Amino acid sequence: MSMHLPALQVIIPLLLAAVIFLFNNARIAYIVSVAASWLCLAIAIQLLLLVNDGSVIEYAFGGWEPPWGIAYNVDQLNAFVLVIVSGIAAIMFPFSWRSIQAEIPASLHVLFYTALLLCLAGLLGMTITGDAFNFFVLLEISSLATYTLISLGKDRRSLSAAFQYLIMGTIGGTFILLGVGLLYTLTGTLNMADLAERIGPLQASRTLQAAFAFLVVGIGLKLAMFPLHLWLPGAYATAPSVVSAFLAATATKVAVYALLRFMFGVFGADFAYGEMHVELMLVSLALVSVLFASLIALLQRGVKRMLAYSSLAQIGYMLLGIGLANVSGLTATLLHLFNHALMKGVLFLALAMVFYRTGGSSMRHMSGLGRQMPWTMAAFVVGGLSLIGVPLTVGFISKWYLILASIERGWWPVTAVILVASLIAVMYIWRVVEVAYFKERPADLPTVSEAPLSLLLPTWTLVAANIYFGINASVTTGIAQNVAQTLLGGVQ
Amino acid sequence: MMLDFFDLYNYWVVIFLMMAGFYTLIAYDNLIKKIIGLNIFQSAVFMLYISVGKVSGGSEPIAADNIELYSNPLPHVLILTAIVVGVATTALGLALTIRIKEAYGTINENDIVQMNRDAEAEKAQEWGRE
Amino acid sequence: MIPLDQLLPLAVFVPLLGAVGIWLFGYAPNIREGATLLTSLVLLLVVGGLLPAVLAGERPTWLLVEMLPGLELKFVLEPLGMLFAGVAALLWPVASLYSIGYMRGNNEQHQTRFYLFFAIAIAASMGIAFAGNLITLFVFYEILTLSTYPLVTHKGNADALKAGRVYMGILLATSVGLLLPAIIWTWQVAGTTDFAAGGIIADKLGGPMLTVLGFLFIYGIGKAALMPMQRWLPAAMVAPTPVSALLHAVAVVKAGVFSVVKVVVYILGVDTLAAAPGIEWLLYIAGFTIVAASTIALRQDNLKRRLAYSTISQLSYVIMAAMILAPISIVGAALHIVAHAFGKITLFFAAGAIYTAAHKTKVSELNGIGHRMPWTMGAFTIGALSMIGVPPAVGFISKWYILMGAFQAEQRVAVAVIILSTLLNAAYFMPIIYAAFFKAPAPGDQQVHGEAPLPIVLALSVTAAATLILFLFPEVPFALAQAIGVQP
């Protein structure tokens, strides 16, 4: 059994998605989905433990040896991402039941869980696969499921947001397909490890450069890299709350992982930095998105949209880490993958609870809630502090390495931008805090009570994780540093 | 020089189709036309895959006597999958278009954007600046 | 008897535990306030228990957790920290007593929240005092900022909110924007953030870069309120008086100047820093702050605001003393932290007593109040004498050492600043005392009040007495101050 773990990681949610669709019972769908997410987490943790010594598990699908068959490769990097994605799923799936009662018509609940499981299967598959074409297919599975999930939002704007995302996501997917195709024409293989070997002697080829460019742009669309980010705020702001939470915590993380995998696992750090000078592009785009997304977040009235823009800024941090091109920078990126999932998870879940009770999540809906929903707002404050990067939360750990990396490089302006953006984060988080704790509740809005325990429990699990991994970050940092060193290999 | 150009004609066809699709996607406000553009855009990439699978002088990849040189079947197989994905995307896009038509009464993107903006402005007015 | 290295973390955990108790007993004010007092007394015992060890030259260490590889959260006992912790632990019971009188006397809202965050702020101060490295210091420094925010905005009205914004804004902006990069930079250069006698920078960073680092540190510690980072302190005056006492005497600003001295002595190193080009500008800026803040204080009619500006100038005394970079002036800096704490808390207690009993906030309304409130104004006088630096108040001793250091290092600017500011201090305190005791009350003044409630009078008498006692018996603080930066 344990040798099939890599396959089970993807197959369990994929198959169960079909199963719950056939059963067509919302409660069964919910229970099965939760069970699937917990199973996935167990498998992911098991895989991480297996590869934590730096070894690599190679799994040949259906017994077809790579490079002919499809191979799943698990190493420390993607096992780490698998744990993030399935861990977030394991927390948010239990949360979803009550949350969707308020936001999605009952007739669609089965479809919701089907799409959710498909999305999870796609994300896990993108992470674990060692085959470039398979990556594309799984990317599309998760994307199609995502478009559907977003369109389930209560507001009709979710439909236009989903459509916009569909167009841009498909363009991104097609670019990836094109990049993979060019790689195939060059090397005659689709296996990532094999690709890496054959690309080695090909340094200066135009086709290779084109393939690299298409892949980076394609993945850039999926991870909402500035200026390819236009789909994100609308999608996150209008999707059902729990979907926003799940996507914000996982989807962009997997996209960042994909960027790392192709840049370092396929093309190699030498090619990416030495030949393509991708760091110049990444750093400049990241700086722009960090600064401007933070500023735009400051102007939002809808808290969900504000968090969406803040996500853009956080993605900027991750790209910045890659662009800094040293071990500390990559460590920061990898840590932030994990840490940002935790903090944004908390923030979006807290908002989902606000939505559940008040029927909205704008500044107005949140006014005066500090007294009426103390636990919900306390969770929001902890998430916010983490986002700002206050010590003893995970956000601080990411910031620490990011600043360290910029200082090591001697790029002072970059340090300054990171710090300024952190201060802007203080402002936009504090705006909400002031409204929630110091403003009277508007007379026309009903008095509400604290969210039910079934929603509070998952949220506070994440809050605890935010604090635990902020105080005792040795484990996560150890993994991130190891991976960063492996990825960079002999560079510098 | 001219010869090189025609040697790589499949690439030129692909590039032309891609740009045509991309243009349609961007230039038209009608959501259906956008989906059509997306389809052309995707098909261009499919054709690239298919054309590079052809080996000069090679036969269809069906095992038979007296044939030494086969075309590469793998890209064709891959693109079969990609076509399935493309069909699914188109279906979803069309489904969304229907829902949008129901919700907004139009499938013109400019109108939809305008309506979203109006709704936003109305809310802001109703609540006053906070 | 608890082993020494475990007594150390107790200093942080006792107030936290107290906070939990306060929270749990929020429904019963008497038990809640009993819990506050009890916790503060236990803390005093714990900190007192550490004193003999540190005097005997012991330096126990306690590791909390390894936060990042090679970067630990840990506590180390050393004399400067002991001095700060001792001040905070001594003043907390008194301040609690005072708070009870004040909060009840003024019928303040949200008292549970008040005591809760007060206790957390004390825990954070203990963490700062016993921090074994920069990162631990930073962690508790930020906790202190955040835990005092609800105290500053206690009243919850628009003014409080605005003040809270300024407070958080300046403190977080400086700590995140300047202090954090300074710490990370130090870590990158020195490979450690542990406090060590003589500093850890040594020759790893030299020339102008060291000066830049020095500026980042001193300005990054916004709680030290060096101009132009001083605005948060007067803004925070909207808070209830016990909070002002906490900010000005017990915890916040003390944490600021304590951190400055700590960084100068244990991170940058006095001798290393002396070689940095242009570092004397920090001394000049501190000198300017002293004089400028005193001048502004002179023009404030609001009593609490006058005291706030006096605090800003007194804080810069400590910074200036540290930046004189002579061993004897470091002793002066450390002693001044103690002296100012006892003097200023007395003054604030008196201001609060006047507000509670007479509902007066302005200097110009105080004519003749000394006859109505003799204890309060008597204590006020002692506090003011300590601020000016006149015997028999403890402020005289610390000023004496700073002056000696300035002469030793031949810092004429510092000498001039001290003389000038002493005159200014006298100029803004003496009129108040004169008016209170010797001027006739204004004709329309109703004068129906007597002394403030007993807990308040008790508290301010205790601190005033301490100001005098410390002048007569300064042995313990002096011994601690002399041991700062010396390898035991």
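Rules behind the numbers
Residues numbered from 1 in each chain as written. Chains lettered and ligands numbered in written order. Predicted model: local features only at pLDDT ≥ 70, side-chain atom pairs only at ≥ 80, totals over all residues. Heavy atoms only, no water. Contact = heavy atoms within 4.5 Å. Buried area = accessible area lost by both parts, 1.4 Å probe. Salt bridge = Lys/Arg side-chain N within 4 Å of Asp/Glu carboxyl O. Helix = DSSP H or I, 4+ residues; strand = E, 2+ residues; numbered from the N terminus. Patch = residues over 30% accessible without salt bridge, like charges linked within 9 Å, V, L, I, M, F, W, Y side chains within 5 Å. Areas by Shrake-Rupley, 256 points an atom, 1.4 Å probe, with all protein chains shown as cover. Phe/Tyr/Trp six-rings, centres within 6.5 Å; stacked < 30°, edge-to-face > 60°. Buried < 20%, exposed > 50% of the residue type's maximum accessible area, 1.4 Å probe, protein only. pLDDT = per-residue confidence, 0-100.

(A) Just the interface of chain C and chain A, in detail. At the junction of the two partners, chain C supplies 33 residues and chain A supplies 29 residues. Both faces combined, the contact of chain C with chain A buries some 2,800 Å², and carbon together with sulfur accounts for 80% of it. The three residues of chain C that bury the most area against chain A are Met67, Leu68 and Ile184 of chain C, which together make up 21% of that side's buried surface. Summed over the shared surface of chain C and chain A, the result is one salt bridge.

(B) Inspection of unusual backbone geometry at higher detail. Here the bond from Phe226 of chain A into Pro227 of chain A is cis, since omega is 0°, no more than 30 degrees from zero. Of the consecutive residues Met227 of chain C and Pro228 of chain C, the connecting peptide bond is found in the cis state with omega at 10°. Summarising the element assignment, Pro228 of chain C is placed in the loop between α7 (208-220) and α8 (232-235). At Ala224 of chain A, a position not held by glycine, the phi torsion is positive, near 60°. The residue Glu410 of chain C is not glycine, and still its phi comes out positive at about 55°. Note on placement: Glu410 of chain C falls in the loop between α17 (395-408) and α18 (412-438).

(C) Quick peek at a nonpolar patch on the surface. Judged by side-chain polarity, Trp375 of chain A together with Val20, Trp23, Leu24, Phe25, Tyr27 and Ile31 of chain C come together as a nonpolar surface patch covering roughly 780 Å² of accessible area. Position of Val20 of chain C among the secondary structure elements: in helix α1 (residues 4-24).

(D) Structural context of the packing of aromatic side chains. Scanning the model with the defined rule gives 49 aromatic pairs over all chains in all. For the ring pair Trp412 of chain A and Trp185 of chain C, a centre distance of 5.0 Å and an interplane angle of 65° mean the geometry is edge-to-face. Here Trp412 of chain A, found in helix α19 (residues 412-438), pairs with Trp185 of chain C, found in helix α6 (residues 158-190), and the two come from separate chains. Taking the relative accessible area as the measure of exposure, Trp412 of chain A reaches 33% and is therefore partly exposed.

(E) Quick look at the confidence of the model for chain C. All names here are of chain C. Mean pLDDT over chain C works out to 85, with 98% of the residues at or above the 70 mark. For chain C, per-element mean pLDDT is lowest for helix α9 (residues 241-250), which scores 79, and highest for helix α5 (residues 134-152), which scores 90. Taken over the whole predicted complex, pTM reads 0.89, whereas the ipTM for its chain interfaces reads 0.90.

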